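# Understanding the architecture of this molecule
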Amino acid sequence: MKSNEIRAKFLNFFQSKEHKIVPSAPLVLKDDPTLMFSNSGMTQFKDYFLGYQTPVSNRIADTQKCLRVSGKHNDLDDVGKDTYHHTMFEMLGNWSFGDYFKKEAIEWSWELLTKEFGISKDNIYVTIFEGDASENLERDQEAYDFWKEHISEDRILNGNKNDNFWEMGEQGPCGPCSEIHVDIRSAEEKAQVDGKSLVNMDHPQVIEIWNLVFMEFNRKANGSLEKLPQQHVDTGMGFERLCMVLQGKTSNYDTDVFTDLIAELESISNKKYGSSQPIDMAIRVVVDHVRAVAFAIADGQLPSNNGAGYVIRRILRRAISYGYRNLGMNEPFIHKLIPVLAKQMGEAFPELPKQQKLINDVIFEEERSFLRTIEQGLVRLDNLISNSEGKVLSGAAVFELYDTFGFPPDLSRIIAEEKGFSIDEKGYEEEMAKQKKRSQKASATATSDWVVVDANASESFVGYDRTDGEVNITRYRKV
Ligand code: ATP
Ligand code: MG
Ligand code: MG
Ligand code: MG
């Protein structure tokens, strides 16, 4: 089944259960001071749960464009390294606002996955909240009993408060959740392990696809819990992971969500996906990041030097860096993927083909100027290396390359190493600390124009961190 059919099938299924299908909210939030990007399906319904707004329908379903690169939900370091975390992804969801509760949510998820989509029940595990004595919270026996009508009891596993109790924030609606995992390991692999490891949920191929949250409590300002007057359901299923399972793949990048993009990138770069680790990583990074950047631009968020625009610029630069370094791309190339992306996603997200020219032009211009930065930096780095007396490059000089000329420190490290040099990391960190102090003084909001991020960098990309008073919208985990 093609990804476009899978998405349609999800929505049709919940429409047949009397859900109103609504469009995705924009990826970039303009009017929520607590959050920069939609990072889960429930983001746009927050006010319904908080009681600030009356729902347009008490049953809703949709697919939501999500971005998890900043704040409490930051998956960026995993993107490209693993094959199932993306920066931008779609979260399929169904909601009940004071309407149905655990019984229907569980029944319908089961019906959809096993009957409509035909996933074998022998490959499914579910988790339920095991309870928490310190909070006087009981085990979610209700969910257990509903699950047991469908699945054998040895496949219903306990989960702790971290994984199976979702909270919107310090205060507000919260409740236990049940997660659905699908075991996509081969029969041989399964045969190699004993019964116990079969339920090792940390195995990357026992993949979490769907989270069903049952909101039944309210956390009060003093930290105590009270029963909500109404109970709600909030679910989120990773679309690309669902496609992987249904298309019999073991990587999201092997589904038709990505294969056309990868084929196009292969032909542009003359590199083959599957040929080496650095090439594969770069290809995954580029085809992932182009989606995040394109959707952000389509939603009106251009790359810029601050706020959400800065996050988008850094994502794009991360892709350019990987392309430059691992794929040998020293000319703009990412914008060339836009026609393929618009064709692939345009049916579900018409904003993409509609804004195609703008997206193309913005990405092209960003690529051009950043590649120039890289080229100029390379010349300076070469000078630095040939004028260096020992085999250790001065931290201050590498920092200057980065701070003044925008040259990614990571690239400096790699090139230095290739030539048998290392970098005085301590000196570098000291300069970085000094610079941070200076910029804090200069302005509370100023951010360097030139930060380029990389999964291997020592100071990992944290996007735009809003620890300052961010309402925690994590789905079920307070970090
Ligand atoms: P994981 O444990 O894999 O990081 P999660 O528990 O953080 O996922 P939830 O907040 O429960 O994710 O979101 C609901 C669903 O969205 C997940 O079950 C998963 O299928 C999907 N999902 C979450 N993060 C990503 C991501 N970065 N890329 C793609 N899909 C994701
Ligand atoms: Mg996560
Ligand atoms: Mg999880
Ligand atoms: Mg989860």
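Our subject is the structure that appears above.
First, a word on scope: everything that follows refers to the structure included in this document.

## Quick word on the packing of helix α1 (residues 3-16) against helix α7 (residues 239-246)
- In contact at an axis separation of 10 Å, α1 and α7 are set at 115° when each is read in the N-to-C sense. Judged by the angle between their axes, α1 and α7 are roughly perpendicular. The crossing of α1 and α7 is right-handed. The segment α1 lies against α7, with Ser3, Ile6 and Arg7 engaging Phe239, Leu242, Cys243 and Leu246.
- Partitioned by chemical class, the residues of the contact of α1 with α7 number 5 nonpolar, 1 polar and 1 charged.

## Focus: the environment of Ala282
- By secondary structure assignment, the location of Ala282 is in helix α9 (residues 277-298).
- Judged by its relative accessible area of 0%, Ala282 is buried.
- Taking the C-alpha atoms as reference, Ala282 lies 7.2 Å from Gly80; in sequence the two are 202 residues apart.
- Those residues in contact with Ala282 that lie beyond four places of it in its chain are Tyr322, Asn326 and Leu327.

## Focus: the packing of aromatic side chains
- As enumerated under the stated definition, the model contains 19 aromatic pairs in all.
- Ring geometry for Tyr100 and Trp108: centres 4.8 Å apart, planes at 70°, overall edge-to-face.
- Taking relative accessible area as the criterion, Tyr100 reaches 3% and is therefore assigned buried.
- With a centroid separation of 5.7 Å and 70° between ring planes, the pair formed by Phe399 and Tyr402 is classed as edge-to-face. Taken together, the positions of Phe399 and Tyr402, both in helix α14 (residues 395-403) and 3 residues apart, correspond to about one turn of that helix.
- Looking at Phe399, the relative accessible area reads 4%, which means it is buried.

What counts, and at which threshold
- Residues numbered from 1 in each chain as written.
- Chains lettered and ligands numbered in written order.
- Predicted model: local features only at pLDDT ≥ 70, side-chain atom pairs only at ≥ 80, totals over all residues.
- Heavy atoms only, no water.
- Axes fitted to C-alpha atoms, helices over the stretch in contact; angles between N-to-C directions.
- Helix = DSSP H or I, 4+ residues; strand = E, 2+ residues; numbered from the N terminus.
- Parallel < 35°, antiparallel > 145°, perpendicular 65-115°, else oblique.
- Left-handed = near helix turned anticlockwise from the far one by under 90°.
- Contact = heavy atoms within 4.5 Å.
- Nonpolar A, V, L, I, M, F, W, Y, C, P; charged D, E, K, R; others polar.
- Buried < 20%, exposed > 50% of the residue type's maximum accessible area, 1.4 Å probe, protein only.
- Phe/Tyr/Trp six-rings, centres within 6.5 Å; stacked < 30°, edge-to-face > 60°.

Function cannot be read off these values alone, since they describe shape.
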